[in-house]
Amino acid sequence: MSTDTYLAVFLGSKTSPKMAAWNALPEAERKAKEKEGMAAWKAWVEKHQGAIQAMGGPLGKTKKVDANGITDISNQMGAFTVVRAASHEAAAKMFENHPHFAIFPGETIEIMPVLPIPGG
């Protein structure tokens, strides 16, 4: 089953060494890096605007729902983007050197196919 739609999930831990180093930066330096990162992210969006289907983030607090009810939890998901690409590899290549981890303290971006609903 093939698809041309992919979900990219931006991951990062609030307790990672990379985040600790980010938070330890002097405020002026951190603000400068934030400005640089936002400009780079905007340039990335402009470069891939034809492929981007949806963007979501930053994500807020998480609630887990299971058989035991509703619980506040924390996870590593920070944002998401839905893109269209010719292949899974092509979708992944869009995120190489992304500002999420190249400038900001994000750790990884996971890209997965969005499969059609059977019979849908």
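Keep in mind that this is a model prediction, so the values were computed, not measured. (Residues numbered from 1 in each chain as written. Predicted model: local features only at pLDDT ≥ 70, side-chain atom pairs only at ≥ 80, totals over all residues. Heavy atoms only, no water.)

Novice: Can you walk me through the environment of glutamine 53 in this structure?
Specialist: Structurally, glutamine 53 is set in strand E2 (residues 52-56). Take glutamine 53: its relative accessible area is 45%, and that puts it in the partly exposed class. Contact partners of glutamine 53, with chain neighbours within four places excluded, come to Val82, Val83 and Arg84. (Helix = DSSP H or I, 4+ residues; strand = E, 2+ residues; numbered from the N terminus. Buried < 20%, exposed > 50% of the residue type's maximum accessible area, 1.4 Å probe, protein only. Contact = heavy atoms within 4.5 Å.)

Novice: How do you make sense of the sheet that holds strand E5 (residues 77-84) when you look at a structure like this?
Specialist: Backbone hydrogen bonds hold the strands of a sheet together, and the pairing may be parallel or antiparallel. Pairing is antiparallel in the open sheet, where four strands are placed in the order E2-E5-E1-E6. The sheet is open, and its two edges are formed by E2 and strand E6 (108-113), each paired on a single side. Within the sheet, the average angular offset between the axes of one strand and its neighbour, ignoring direction, is 15°. Bridge analysis of strand E1 (residues 5-11) against E6 gives six bridges, and the strand direction is antiparallel. Across the sheet, residue phenylalanine 10 finds its bridge partner in E6, namely isoleucine 109. Set on the sheet, helix H2 (residues 27-47) makes contact with E1, E2 and E5; between it and E2 the angle comes to about 150°. (Pairing = 2+ DSSP bridges. Axes fitted to C-alpha atoms, helices over the stretch in contact; angles between N-to-C directions.)

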